[in-house]
Amino acid sequence: MSDNSHAALPVDLNGLTAIVTGASQGIGKSIATAMASRGAKVAVVARNAEKLADTVAIIEAAGGVAQAYSCDVTKRESVEAVVDAVMEKWEKLDVLVNNAGVTRDNLLPVMTDDEWDNVIETNLRGMFLFTRAASKQMMRARFGRIINISSVSGLMGNPGQTNYSASKAGMIGFTRSLSRELGKRKVTVNAICPGFIESDMTKALGPAVMDEVKKRIPAQRMGKPEEIADGVLFLASPQAAYITGQVLTIDGGMTG
Amino acid sequence: MSVQERVFEIVASQLGVDQDKITMESSFVNDLGADSLDTVELVMELEEEFDIDIPEDAADKIETVGQAIKFIEEAKNS
């Protein structure tokens, strides 16, 4: 089998309901469609609900179940409204994938307050708000899977990304602490650190930069969004019940 | 069902203890084995069941089942 084919991971998520934030494109879209294809009902969340139409269309065309919600992940009322709506509609919440994230790269001496605040608010506060709201339901149910999409930028430095790195490293600390709070209640909390993944975010880097990047990756290629989704599927599955507080790095060996 | 009966029932199911073992004097932490997260969860359940708000500083002062019932009855009557 070549590196470029993608066989379906045999994971059964029938009966589970999930929320995936930042599901309108890239990794989030791939996670949402993969989970739905394994039987989960998926609430897809993005700032602009219209941009979720494609994700929902893909899921429904494949016979899956999805519902789109617009949400500003930095606003408590907005986040709690989504969790309440999901509970109302599907009566439970089993999986939360905190994937919504932004970059506002700049070198630190000239980084603006806005660039710092915007990244921390979306990436860290957004995760906090969604996880707080979801954890209450999961604690009650004595079951839950919380999966935080961090980044290799949270493990290693990247010039121009002090804000992004801080937020992504913060997600890892949050993951480890929360796993210790919720372990007894059968709620697992894990993080995934994607490396360089084919997406609009990395496309913007241009071919010259990408050639340099590939030299640093033992696998000699970019990852595909589906390869991150597979990590999520596994951590969401019943087979991963004993895995919590962990960081799964999917980066072709770059940080190895 | 009275407030007391409902509280006993919730405490029993949340903390996984026998209802017969619960008295008005039972301390959540010392007698019923609640840890800090159990306490948080119990407060959430009671807030929802009785449709009241239990502020954190008030929750900190509630140590026994009887104190919880007294707080709920006062909150319902105010």
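Keep in mind the model is a prediction, meaning the values are calculated, not measured. (Residues numbered from 1 in each chain as written. Chains lettered and ligands numbered in written order. Predicted model: local features only at pLDDT ≥ 70, side-chain atom pairs only at ≥ 80, totals over all residues. Heavy atoms only, no water.)

Enquirer: Explain the UniProt feature "domain: Carrier" (unreviewed entry) in chain B here, please?
Expert: Residues given the UniProt feature "domain: Carrier" (unreviewed entry) here are residues 1–76 of chain B. Within residues 1–76 of chain B, the helical portion is 61% and the strand portion 0%, while the C-alpha atoms at the span's ends are 15 Å from each other. (UniProt positions renumbered as here; feature names shortened; annotations may be inferred. Helix = DSSP H or I, 4+ residues; strand = E, 2+ residues; numbered from the N terminus.)

Enquirer: What exactly am I supposed to notice about empty space enclosed by the protein here?
Expert: Throughout the structure, instances matching the rule amount to two cavities of 30 Å³ or more. Counted as a void, the largest cavity has a volume near 90 Å³. Lining the largest cavity we find Phe-28, Thr-39, Leu-42, Val-43, Leu-46, Ile-54, Ala-59, Ile-62 and Ala-68 of chain B. With four residues, the single largest contributor to the lining of the largest cavity is helix H2 (residues 36–50) of chain B. Class assignment of the residues belonging to the lining of the largest cavity gives a composition of eight nonpolar, one polar and no charged. There is about 50 Å³ of room inside the second largest cavity. Every residue lining the second largest cavity is listed: Thr-21, Val-73, Asn-98, Asn-99, Ala-100, Thr-122, Asn-123, Gly-126, Met-127 and Phe-130 of chain A. (1 Å grid on protein atoms, 1.4 Å probe; cavity = no way out; pocket = protein on both sides within 12 Å on 5 of 7 lines; lining within 4 Å. Points joined across faces, edges and corners; volume = space filled by probe spheres on them. Nonpolar A, V, L, I, M, F, W, Y, C, P; charged D, E, K, R; others polar.)

Enquirer: Sorry, what's going on with the pairing of strand E2 (residues 41–46) of chain A here?
Expert: Both faces of the sheet carry side chains from a regular strand, because those side chains alternate between them. All names here are of chain A. The element E2 is largely enclosed, with a buried count of five among its six residues. Where strand E1 (residues 17–21) meets E2, five bridges bridge the pair, whose relative direction is parallel. In the strand pairing of E2, Thr-21 is matched with Val-45. The β-α-β motif built from E1, the intervening helix H1 (residues 26–37) and the parallel element E2 has right-handed crossover chirality. Both E2 and strand E3 (residues 65–70) contribute to a ladder of six bridges, which runs parallel. In the sheet register, Ala-46 faces E3, and the bridge partner there is Ser-70. Handedness of the β-α-β unit built from E2, helix H2 (residues 53–61) and E3 comes out right-handed. (Buried < 20%, exposed > 50% of the residue type's maximum accessible area, 1.4 Å probe, protein only. Pairing = 2+ DSSP bridges. Right-handed = clockwise from strand over helix to strand, strands pointing away.)

Enquirer: Explain the side chain of Glu-41 of chain B here, please?
Expert: When you line up the elements, Glu-41 of chain B lands in helix H2. Among the residues examined, Glu-41 of chain B registers a relative accessible area of 0% and is labelled buried. If sequence neighbours within four positions are ignored, Glu-41 of chain B has contacts with Met-139, Arg-140, Arg-142 and Arg-185 of chain A together with Gln-14 of chain B. (Contact = heavy atoms within 4.5 Å.)

Enquirer: Would you explain the confidence of the model for chain B in this entry?
Expert: When pLDDT drops low, the exact placement of atoms in the prediction is not to be read closely. Per-chain confidence: chain B averages 92 in pLDDT, with 100% of residues scoring 70 or above. Across the interface, the model reports ipTM at 0.71; the global pTM reads 0.90. (pLDDT = per-residue confidence, 0-100.)

Enquirer: It is not clear to me how the environment of Val-42 of chain A should be interpreted in this structure. Could you clarify?
Expert: Residues and elements named next belong to chain A. On the secondary structure map, Val-42 appears in strand E2. The class for Val-42 is buried, based on a relative accessible area of 0%. Val-42 sits 48 residues away from Trp-90 along the chain, and the two C-alpha atoms are 10.0 Å apart. Setting aside residues up to four positions removed in sequence, Val-42 forms contacts with Ala-18, Val-20, Ala-32, Met-35, Ala-36, Val-65, Ala-66, Gln-67 and Trp-90.

Enquirer: Can you help me understand the nonpolar core in this one?
Expert: As a rule of thumb, nonpolar side chains are buried together in soluble globular proteins. In terms of nonpolar packing, the biggest core is built from 32 residues, with Ile-31, Met-35, Val-97 and Ile-147 of chain A touching the most fellow members. When contributions to this core are tallied by element, the ones reaching two or more residues are E1, H1, E2, H2, strand E4 (95–98), strand E5 (144–149) and helix H8 (225–236) of chain A. Once residues lying within four places of it in the same chain are set aside, the contact partners of Ile-31 of chain A are Val-20, Val-97, Asn-99, Ile-149, Ala-229 and Val-232 of chain A. Core analysis: the second largest hydrophobic core is formed by 26 residues, Ala-134, Met-139 and Val-189 of chain A together with Leu-37 of chain B among them. (Core = buried A, V, L, I, M, F, W, Y, C linked by side-chain atoms within 4.5 Å.)

Enquirer: Would you take a moment to explain the sheet that holds E1 of chain A for this structure?
Expert: Backbone-to-backbone hydrogen bonds pair the strands of a sheet. The strands run either parallel or antiparallel. Residues and elements named next belong to chain A. Strand order in the open sheet formed by seven strands is E3-E2-E1-E4-E5-E6-E7, with parallel pairing between adjacent strands. Pairing within the sheet leaves two strands with one partner each, and these edge strands are E3 and strand E7 (247–250). Strand-to-strand, the axes of this sheet are offset by a mean angle of 20°, without reference to chain direction. In the packing of H2 onto the sheet, the strands contacted are E2 and E3, and the crossing angle to E3 comes to about 170°. Contacts from helix H4 (residues 113–141) reach E1, E2, E4, E5 and strand E6 (187–194) within the one sheet, and its direction differs from that of E4 by about 175°. (Axes fitted to C-alpha atoms, helices over the stretch in contact; angles between N-to-C directions.)

Enquirer: Teacher, can you tell me more about the UniProt feature "domain: Ketoreductase" (unreviewed entry) in chain A here?
Expert: Look at the UniProt record and you will see "domain: Ketoreductase" (unreviewed entry) annotated at residues 16–200 of chain A. Here residues 16–200 of chain A is 47% helix and 19% strand, with 30 Å between the C-alpha atoms at its ends.

Enquirer: Would you explain the interface of chain A and chain B in this entry?
Expert: In many reports, interface size means the accessible area that the parts give up when they come together. Tallying the contact residues gives eight residues for chain A and eight residues for chain B. Around 760 Å² of area is buried between chain A and chain B when both sides are counted, 44% of it from carbon and sulfur atoms. Three residues stand out in chain A for area buried against chain B, namely Met-139, Arg-140 and Arg-185 of chain A, and they jointly supply 62% of the buried area on that side. At the boundary of chain A with chain B, the tally comes to seven salt bridges. A salt bridge links Asp-38 of chain B to Lys-184 of chain A; its shortest N-O distance comes to 3.7 Å. (Buried area = accessible area lost by both parts, 1.4 Å probe. Salt bridge = Lys/Arg side-chain N within 4 Å of Asp/Glu carboxyl O.)

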